[in-house]
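Here are the chains, one letter per residue:
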Amino acid sequence: MNEFDGTPAELVERARRLASQGGRRILGITGAPGSGKSSLAAALVAALAPAAVLVPMDGFHLANRELERLGRRDRKGAADTFDAAGYVALLRRLRDGGEELVYAPEFRREIEEPIACAIPVLRETPLVVTEGNYLLVDRRPWRSVAELLDEAWYLEPPEQLRLQRLVARHIAFGKDPAAAYAWSHGTDQRNAELIAATRRHADLVVRLADVAPTRDGAPVERR
């Protein structure tokens, strides 16, 4: 495991080198809720397009109706509220790279539901970037994810910033401030503690405070 304190541009170049190695490569980006996984993954794909595509783990959220049936609706986002086996199966198909076209699901925050077959992955796309909380969890069926990644990056921004960002995100998607704070410091924090234990399995620990795509697609650090 290496710790990274460089620039966002250096991360783009590292991903570019991975994409140029030949065949299909998969880069995994993980970290606690609010760590910036989605922002970094989107920035990398924007910078490398059309050589990269984003396939988020969040597309494998169980539907709200199924979470209610299982009695897990109030823990949405926990490891057992995803179709982990389905995610592993998709990564295997993508890793194989033999199919002309593979469709992946995505998660729509505005409706809090996954949408099937929303992301096309073409055979000629050399790099798949996947991001999510549980990519390095060492228990079945999550354990199989790490075996399918060529590299795994763990994002570790300052903890106070991560929590502030997380609360703000929940508010932006409809929670009142008190509920956003409670969820961020309750359900999300329990998930964060599980994810923190996976840090040692990462190839790279990224300490940037934040990244976001610029107009030309390259990410920049936000302070």
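Structure's up top.
What comes next is a walk through the structure. Small disclaimer: the values here were computed from a predicted structure and weren't measured. (Residues numbered from 1 in each chain as written. Predicted model: local features only at pLDDT ≥ 70, side-chain atom pairs only at ≥ 80, totals over all residues. Heavy atoms only, no water.)

### Digging into a nonpolar patch on the surface
1) Next: Taken together, the side chains of Leu 101, Tyr 103 and Leu 122 present a nonpolar region at the surface, about 260 Å² in accessible area.
2) Next: Tracing the chain through its elements places Leu 122 in strand β5 (residues 113-122). (Patch = residues over 30% accessible without salt bridge, like charges linked within 9 Å, V, L, I, M, F, W, Y side chains within 5 Å. Areas by Shrake-Rupley, 256 points an atom, 1.4 Å probe, with all protein chains shown as cover. Salt bridge = Lys/Arg side-chain N within 4 Å of Asp/Glu carboxyl O. Helix = DSSP H or I, 4+ residues; strand = E, 2+ residues; numbered from the N terminus.)

### Side note on the pattern of salt bridges
1) Next: Following the criterion strictly, the structure yields 16 salt bridges and no others.
2) Next: Salt-bridge contacts for Arg 16 lead to Glu 13; the nearest nitrogen and oxygen are separated by 3.2 Å. Residue Arg 16 and its partner Glu 13 are located together in helix α1 (residues 8-19), separated by three residues, close to a single helical turn.
3) Next: A relative accessible area of 37% means that Arg 16 is categorised as partly exposed.
4) Next: Classification of Glu 13 by relative accessible area gives partly exposed; the value is 36%.
5) Next: Salt-bridge contacts for Glu 151 lead to Arg 14; the nearest nitrogen and oxygen are separated by 2.9 Å. (Buried < 20%, exposed > 50% of the residue type's maximum accessible area, 1.4 Å probe, protein only.)

### Description of the packing of aromatic side chains
1) Next: A full pass over the atoms with the stated rule returns five aromatic pairs.
2) Next: Seen in terms of ring centroids, Phe 82 and Trp 142 are 6.1 Å apart; in terms of plane orientation they differ by 75°. Their pairing is edge-to-face. Taken together, the positions of Phe 82 in the loop between α3 (64-70) and α4 (84-96) and Trp 142 in the loop between β6 (127-131) and α5 (143-147) put the pair 60 residues apart, joining distant regions of the chain. Trp 142 matches Phe 82 in its accessibility class, with the two residues each being buried.
3) Next: Feature note: the residues Phe 60, Phe 82, Tyr 87, Tyr 134 and Trp 142 constitute an aromatic cluster, connected by ring pairs. (Phe/Tyr/Trp six-rings, centres within 6.5 Å; stacked < 30°, edge-to-face > 60°.)

### Observations concerning unusual backbone geometry
1) Next: With omega at 5°, the peptide bond leading from Ala 49 into Pro 50 counts as cis.
2) Next: For the bond from Arg 140 to Pro 141, the omega torsion is -5°, close enough to zero to count as cis.
3) Next: By the secondary structure assignment, Pro 141 is in the loop between β6 and α5.
4) Next: Despite not being glycine, Cys 117 shows a phi value in the positive range, around 55°.
5) Next: Residue classification places Cys 117 among the exposed positions, given a relative accessible area of 55%.

### What to know about the sheet that holds β6
1) Next: Pairing within the open sheet is parallel, and its six strands lie in the order β1-β8-β7-β2-β6-β3. The two strands at the open ends of the sheet, each matched to only one other strand, are β1 (2-4) and β3 (52-54). Averaged over all pairs of adjacent strands, the angle between strand axes in this sheet comes to 25°, irrespective of strand direction.
2) Next: Bridge count between strand β2 (residues 25-31) and strand β7 (residues 151-155): five bridges; the pairing is parallel. (Pairing = 2+ DSSP bridges. Axes fitted to C-alpha atoms, helices over the stretch in contact; angles between N-to-C directions.)

Geometric descriptors of this kind do not, in isolation, establish any biological role.
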